[in-house]
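# Close look at the chain arrangement
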Amino acid sequence: YKPSVAPEMDIMEYCRKEWRGNTPVAKRMRKGYEAVAQKFASIRRVRGDNYCALRATLFQALSQSTQLPTWLQSEDFTKLPENLLSKYDWIKQWQLKQKLGRKMGEISDEIKEYLMLLRKKWKYISEIKGPIEKQEACDKLFKNEEEEYSLYEALKFLMLNTAIELYNDDKNGRRVPVFSWLLFARDTSSNPCQLMHNHLNQIGHSGGLEQVEMFLLAYALQYTIQVYRLYKYSTDEFITLYPNDPEEDWPVVTLITEDDRHYNIPVRMCQETKL
């Protein structure tokens, strides 16, 4: 079984292998990779199966984590599925990972298991002191298909919870971030129920994360996701932050994309760089 995150490779070597030609696109990609190589020495390829945005973000968050995020520590964290299901009956149509012989009605228990697994793994990895040992623990986790995909279910559910909170805040006249309006301005997701059916249920199956959902993921994890968008090299959008006005105390993870669909991860910072 191949790991979901490939071993690291020199970033410029990777670029030369991938972008050989002299087309305008290849030239732009090479320039983009050169810019990333000013900050990072290596790249790790992430398996592309419609989970890659979740995979790359979670891998980076765990491999840099030194403490359990506050929201993961709260007592109510694992009660989330039953609390939401008691208010919103439509969540019963959440599309879980395929398991044979599942009975309906177990959905809240199953999601609770995924959330508990997320907390357990995050706590375990964040407490590892040595960087090499921490990296090994991450690599091991992302080789375990059963656990890995359970964690993505947990992330998707946290995204749904965040979307519900934002939707309700907006309806009650509270201030919400701009992306929240964009999220619910789409014909396919004018409310959280539609968002679940048409978008979150599809992630990992027939689609990945759209840009506006990258914001939602960042809010759900309370992380700033910094993305080098290589095809936007030499424009203002070359380095995009989700959210674009991040909270001061949110940790930052960095990803690379060539097309806003597939994400890889840069590793080994050349020098300490801060946002």
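Criteria and cut-off values
- Residues numbered from 1 in each chain as written.
- Predicted model: local features only at pLDDT ≥ 70, side-chain atom pairs only at ≥ 80, totals over all residues.
- Heavy atoms only, no water.
- UniProt positions renumbered as here; feature names shortened; annotations may be inferred.
- Helix = DSSP H or I, 4+ residues; strand = E, 2+ residues; numbered from the N terminus.
- Buried < 20%, exposed > 50% of the residue type's maximum accessible area, 1.4 Å probe, protein only.
- Contact = heavy atoms within 4.5 Å.
- Areas by Shrake-Rupley, 256 points an atom, 1.4 Å probe, with all protein chains shown as cover.
- Lys, Arg positive; Asp, Glu negative; His and termini not counted.
- Charge placed at Lys NZ, Arg CZ, Asp CG, Glu CD.
- Core = buried A, V, L, I, M, F, W, Y, C linked by side-chain atoms within 4.5 Å.
- Pairing = 2+ DSSP bridges.
- Salt bridge = Lys/Arg side-chain N within 4 Å of Asp/Glu carboxyl O.
- Polar contact = N/O pair within 3.5 Å; in protein donor to acceptor, adjacent residues only side chain to side chain.

- As named in an unreviewed UniProt entry, the chain is OTUL thioesterase, taken from Asarcornis scutulata.
- Heading Subcellular location (unreviewed entry) of the UniProt record for the chain holds this comment: "Cytoplasm".

## Topic: the overall build of the chain
- Along the chain, the regular secondary structure elements total 11 helices and 6 strands.
- By the burial criterion, 49% of the 275 residues in the chain qualify as buried.
- Counted over contacts in the chain with a minimum sequence separation of 6, partners at least 24 positions apart contribute 73%.
- If you sum the accessible surface of the chain, you get close to 14,200 Å²; carbon and sulfur atoms cover 49% of it.
- Considering the chain, the positive charge centre built from 39 side chains and the negative charge centre built from 39 side chains are found 4 Å apart.

## Looking at the nonpolar core
- Counting 74 residues, the largest nonpolar core has Leu118 and Trp122 as the members making the most contacts within it.
- Once you skip the residues sitting within four places of it in the chain, Leu118 turns out to touch Leu58, Trp71, Leu72, Phe77, Leu151, Ala154, Leu155 and Leu158.
- Core analysis: the next-biggest nonpolar cluster, separate from the first, contains 13 residues, Ile11, Tyr14, Cys15 and Phe40 among them.

## Some points on the UniProt feature "active site" (unreviewed entry) in the chain
- With numbering aligned to this structure, UniProt lists the feature "active site" (unreviewed entry) at Asp49, Cys52 and His262. These annotated residues cover 214 residues of sequence, but their C-alpha atoms sit close together, with the largest distance between any two at 8.8 Å.
- In this structure, Asp49 sits in the loop between β2 (40-44) and α3 (52-64).
- In contact with Asp49, not counting residues within four places along its chain, are Arg55, Tyr149 and Gly204.

## Some thoughts on the pairing of β2
- Counting buried positions over the 5 residues of β2 gives 4, a clear majority of the element.
- Pairing analysis gives 2 bridges linking strand β1 (residues 9-10) to β2, with the strands arranged antiparallel. Paired with Asp10 across the two strands is Ser42, which belongs to β2.
- The sheet contact formed by β2 and strand β6 (residues 263-269) spans 4 bridges and is antiparallel. Across the sheet, residue Phe40 finds its bridge partner in β6, namely Met269.

## Focus: the pattern of salt bridges
- All told, the structure shown has 18 salt bridges when counted by the stated rule.
- The partner of Glu148 in a salt bridge is Arg55, and the shortest N-O contact between them spans 2.6 Å. On the criterion of sequence distance, the pair formed by Glu148 in helix α8 (residues 145-171) and Arg55 in helix α3 is long-range, its members being 93 residues apart.
- Overall, Glu148 belongs to the buried group, its relative accessible area being 1%.
- Here Arg55 falls in the buried class, since its relative accessible area comes to 0%.
- Lys92 is paired through a salt bridge with Asp89; the nearest N and O atoms lie 2.9 Å apart.
- Here Lys92 falls in the partly exposed class, since its relative accessible area comes to 42%.

## Some remarks on the UniProt feature "site: Linear diubiquitin binding" (unreviewed entry) in the chain
- When the UniProt feature table is mapped onto this chain numbering, "site: Linear diubiquitin binding" (unreviewed entry) sits at Glu237.
- Position of Glu237 relative to the elements: it lies in the loop between β3 (224-229) and β4 (239-242).
- Relative accessible area serves as the criterion here: at 38%, Glu237 is assigned to the partly exposed category.
- Those residues in contact with Glu237 that sit more than four places away from it in its chain are Arg229 and Lys232.
- Within the structure, the side chain of Glu237 is placed 3.4 Å from the side chain of Arg229, a separation counted as a polar contact.

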